[in-house]
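Observations on the three-dimensional arrangement
Residues per chain, in single letters:
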Amino acid sequence: MSTEPLRCAGALIVDEGRIFIQRRSPHRKLFPDTWDIVGGHVEPGETVEEALLREVTEETGWTVSLVLGTVGEYRYTPDDGIERIETDFLVRVEGDLTRPRLEPGKHTEFRWLAEDEVALLDEHRDVNDGLIRRIAEDGFRALHLIGL
């Protein structure tokens, strides 16, 4: 088994100053029943950017139309004991933004989060140590920096 951290890519999908979030199923092994951004593991032979594009389409049915920039890189070790390094990006997408195609069994609902609603991400904070809120706050700071 590799001792290297698992690489992940995340998308903070933005529209009208809001960020798309989706609730993980309560049956998920990691971070059950928590709000999350779109993203996942980098597959063998894939770049972080390729994983970003793939994950957005797999989890929402949308297509990335523009990568606005990098939000940050986050290192964490969830309950499975496997260290991860996640690179998160601000992105715009094409598709019906009112009707994402959530992955059955993986996500149960979605919403567009405004900056003044980030406290919602503290729900079940005990299972993710506030990681998603920190990522969202960094995403909103990045939106301000680029004037959106």
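The following refers to the structure shown. If you're wondering where the values come from, they're calculated on a predicted model, not measured in any experiment. (Residues numbered from 1 in each chain as written. Predicted model: local features only at pLDDT ≥ 70, side-chain atom pairs only at ≥ 80, totals over all residues. Heavy atoms only, no water.)

This part is about the environment of E49. Positionally, E49 belongs in helix α1 (residues 48-60). By relative accessible area, E49 is classed as partly exposed at 46%. A C-alpha to C-alpha distance of 9.5 Å links E49 and V67, two positions 18 residues apart in sequence. (Helix = DSSP H or I, 4+ residues; strand = E, 2+ residues; numbered from the N terminus. Buried < 20%, exposed > 50% of the residue type's maximum accessible area, 1.4 Å probe, protein only.)

As a further point, take the layout of surface pockets. A water-sized probe rolled over the atoms picks out the places where empty space is left. Counted as a void, the largest pocket has a volume near 440 Å³. R24, R28, G39, G40 and H41 are the residues nearest the centre of the largest pocket, which is lined by 26 residues in total. Listing elements by their share of the lining of the largest pocket, those giving two or more residues are β1 (6-15), β4 (38-41), α1, β6 (84-94) and α3 (131-145). A per-element tally of the lining of the largest pocket places β4 first, with four residues. When its residues are assigned to classes, the lining of the largest pocket shows nine nonpolar, seven polar and ten charged. (1 Å grid on protein atoms, 1.4 Å probe; cavity = no way out; pocket = protein on both sides within 12 Å on 5 of 7 lines; lining within 4 Å. Points joined across faces, edges and corners; volume = space filled by probe spheres on them. Nonpolar A, V, L, I, M, F, W, Y, C, P; charged D, E, K, R; others polar.)

Quick look at the side chain of D36 now. One can find D36 in strand β3 (residues 35-36). At a separation of 3.3 Å, a polar atom in the side chain of D36 contacts the side chain of R24. Each residue touching D36, except ones within four places of it in the same chain, is listed here: I21, Q22, R24 and I132. (Polar contact = N/O pair within 3.5 Å; in protein donor to acceptor, adjacent residues only side chain to side chain. Contact = heavy atoms within 4.5 Å.)

Moving on, we come to the pairing of β1. Working note: regular strand, side chains alternate between the two faces of the sheet. For β1, the buried fraction is high: eight of the ten residues fall into the buried class. In this sheet, β6 lies alongside β1 in parallel orientation, the contact comprising eight bridges. By the bridge assignment for β6, A9 is matched with T87. Summarising the sheet, β1 and β4 pair through four bridges and their orientation is antiparallel. Across the sheet, the residue bridging to C8 is H41, located in β4. Bridging between β1 and strand β2 (residues 18-24) involves two bridges; their strand directions are antiparallel. Looking at the pairing, V14 lines up with I19 of β2. Where β1 folds back onto β2 in an antiparallel hairpin, the turn is made up of two residues, including E16, whose phi is positive at roughly 50 degrees. (Pairing = 2+ DSSP bridges.)

Taken as a whole and assessed by the stated rule, the structure comprises five aromatic pairs. Ring geometry for F20 against W112: centres 5.3 Å apart, planes inclined by 65 degrees, an arrangement best described as edge-to-face. Pair noted here: F20 is in strand β2 and W112 is in strand β7 (residues 107-113), with a separation of 92 residues, a long-range link. Look at F20 and you get buried, because its relative accessible area is 0%. Among the aromatic side chains, those forming a connected cluster through ring pairs are F20, W62, F110 and W112. (Phe/Tyr/Trp six-rings, centres within 6.5 Å; stacked < 30°, edge-to-face > 60°.)

Here we come to α3. Relative to the 21 Å expected for 15 residues at 1.5 Å per residue, α3 spans 21 Å between its end C-alpha atoms, a close match to the ideal helical length. Three or more residues of α3 are buried, namely L131, I132, I135, A136, G139, F140, A142 and L143. Note on α3: the residue one or two positions beyond its end, G147, has a positive phi of about 80 degrees. (Expected span 1.5 Å × (residues − 1).)

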